[in-house]
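This is what each chain is made of:
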Amino acid sequence: MIGPMAEQNSPHDLPDIAGRTIAVLGGTGDQGRGLARRFALAGLDVVIGSRSAERAQAAADDLGADLPVRGADNAAAAAAGDIVIVAVPWEGHRELLASLEEELAGKIVVDCVNPLGFDKKGPYALPVEEGSAAQQAEAVLPRSRVVAAFHHVSAVVLLDPEVDRVDLDVLVLGDDRAATDEVRALASSIGGVRGIYGGRLRNAHQVEAFTANLIAINRRYKAHAGLRITDV
Ligand SMILES: NC(=O)c1ccc[n+]([C@@H]2O[C@H](COP(=O)([O-])OP(=O)(O)OC[C@H]3O[C@@H](n4cnc5c(N)ncnc54)[C@H](OP(=O)(O)O)[C@@H]3O)[C@@H](O)[C@H]2O)c1
């Protein structure tokens, strides 16, 4: 008798990331605090990083004593994290990551940085020598597993206590299948969100740049617009 066929892995399968520590570099800003809050609400251990350990601890305390969040300087946060989110402004991106190459070796580093400029016509994508912020991270962190994600989530929505379910899909890009799967699971830990694989890291530029379109939409419609990918 022929046995049952081996079950095919579904692209929707998610690894179990319970027990992972999530660090957020630049976690004192809106985006970092918003992500930290949602991951902590999902029960994950979170470390907010900052150039100042005191500012980091104050940001952690502000999120609520009942949440599993603590603060540390960026280097200690990077060392503590299994998955490390980069949530600093584009201007400080290269320098901060280069200074943490050692601490970030072997880690999953998740870049959500959008290199954008703003002028009187509104937001626009800045040219990036390496192609994208995520590819710059890959260039300065050769020993890390760089993934790009969370570019389109609104910090305002993440921080809003009235919003239980966040209505968007997070595109997750990278060249390391296991790393992108972990980050899809991380995205999916936020109520309402699906983490969807969005291609290799070389395709991160247009995902980062598309944030300029979303900000333009938000300004016109007074919204916090997000993407949904249909038919998956
Ligand atoms: N805001 C959003 O809705 C949103 C959404 C998607 C993606 N993003 C991306 O997420 C990143 C952070 O956004 P944000 O609005 O949270 O930015 P932000 O508040 O301007 O900056 C975040 C934190 O980065 C640290 N920082 C500032 N300048 C730095 C530098 N030169 N070097 C190292 N650290 C520096 C600061 O923390 P310390 O002073 O405590 O070190 C600051 O609190 C940006 O790259 C943005 O494109 C934002």
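Refer to the structure presented above.
These remarks concern the structure in this document. All values reported here derive from a predicted model rather than from experimental measurement.

About the thresholds
- Residues numbered from 1 in each chain as written.
- Predicted model: local features only at pLDDT ≥ 70, side-chain atom pairs only at ≥ 80, totals over all residues.
- Heavy atoms only, no water.
- Helix = DSSP H or I, 4+ residues; strand = E, 2+ residues; numbered from the N terminus.
- Rg over C-alpha atoms; globule rule 2.2 N^0.38 Å.
- Contact = heavy atoms within 4.5 Å.
- Areas by Shrake-Rupley, 256 points an atom, 1.4 Å probe, with all protein chains shown as cover.
- Lys, Arg positive; Asp, Glu negative; His and termini not counted.
- Charge placed at Lys NZ, Arg CZ, Asp CG, Glu CD.
- Buried < 20%, exposed > 50% of the residue type's maximum accessible area, 1.4 Å probe, protein only.
- Salt bridge = Lys/Arg side-chain N within 4 Å of Asp/Glu carboxyl O.
- Expected span 1.5 Å × (residues − 1).
- Near = heavy atom within 4 Å.
- Polar contact = N/O pair within 3.5 Å; in protein donor to acceptor, adjacent residues only side chain to side chain.
- Nonpolar A, V, L, I, M, F, W, Y, C, P; charged D, E, K, R; others polar.

Section: the overall build of the protein chain
Here comes step 1: What the protein chain contains, in helices and strands, is nine helices and 10 strands.
Here comes step 2: Computed over C-alpha atoms, the radius of gyration of the protein chain comes to 17 Å, within 12% of the 17 Å expected from 2.2 N^0.38 for 232 residues, which places it in the range of a compact globule.
Here comes step 3: Overall, the protein chain is about 70 × 40 × 40 Å in size when its C-alpha atoms are taken along their principal axes.
Here comes step 4: Long-range contacts, defined here as pairs at least 24 residues apart, represent 73% of the contacts in the protein chain between residues at least 6 apart.
Here comes step 5: Carbon and sulfur atoms form 51% of the exposed surface of the protein chain, whose accessible area is close to 11600 Å².
Here comes step 6: Taking the 23 positively charged and 32 negatively charged side chains of the protein chain as two groups, their mean positions are separated by 6 Å.

Structural notes on unusual backbone geometry
Here comes step 1: Even without a glycine there, the phi angle at Lys-222 is positive, about 50°.
Here comes step 2: Looking at where Lys-222 falls in the secondary structure, it is placed in the segment after α9 (204-221).
Here comes step 3: Under the relative-accessibility criterion, Lys-222 is labelled exposed at 71%.

Points about the pattern of salt bridges
Two side chains that carry opposite charge are able to pair once their charged atoms sit near each other.
Here comes step 1: For the coordinates displayed, the defined rule picks out 13 salt bridges.
Here comes step 2: With its nearest N and O atoms 2.6 Å apart, the salt bridge here joins Arg-33 to Asp-30. One end of the pair is Arg-33 and the other is Asp-30, both in helix α1 (residues 30-41) and three residues apart, which spans about a single turn.
Here comes step 3: Overall, the relative accessible area of 21% leaves Arg-33 in the partly exposed class.

Section: α9
Here comes step 1: Helix length check: α9 (18 residues) gives 26 Å between terminal C-alpha atoms against 26 Å at 1.5 Å per residue, within 8%.
Here comes step 2: Within α9, the full set of buried residues consists of Ala-204, Val-207, Glu-208, Ala-209, Thr-211, Ala-212, Leu-214 and Asn-218.
Here comes step 3: The elements touched by buried residues of α9 are β6 (116-119), β7 (122-125), α6 (133-140), β8 (145-148) and β9 (169-174).
Here comes step 4: Directly beyond the C-terminal end of α9, a positive phi value near 50° is found at Lys-222.

Side note on the site of the ligand
Here comes step 1: Near the ligand there are 19 residues, and of these Thr-28, Ser-50, Arg-51, Arg-55 and Val-88 occur at the shortest range.
Here comes step 2: Backbone polar atom of Val-88 to an oxygen atom of the ligand: 2.7 Å apart, as the coordinates give it.
Here comes step 3: The fraction of the free accessible surface of the ligand (890 Å²) that becomes covered by protein chains is 72%.
Here comes step 4: In terms of residue class, the shell around the ligand is made up of eight nonpolar, eight polar and three charged.

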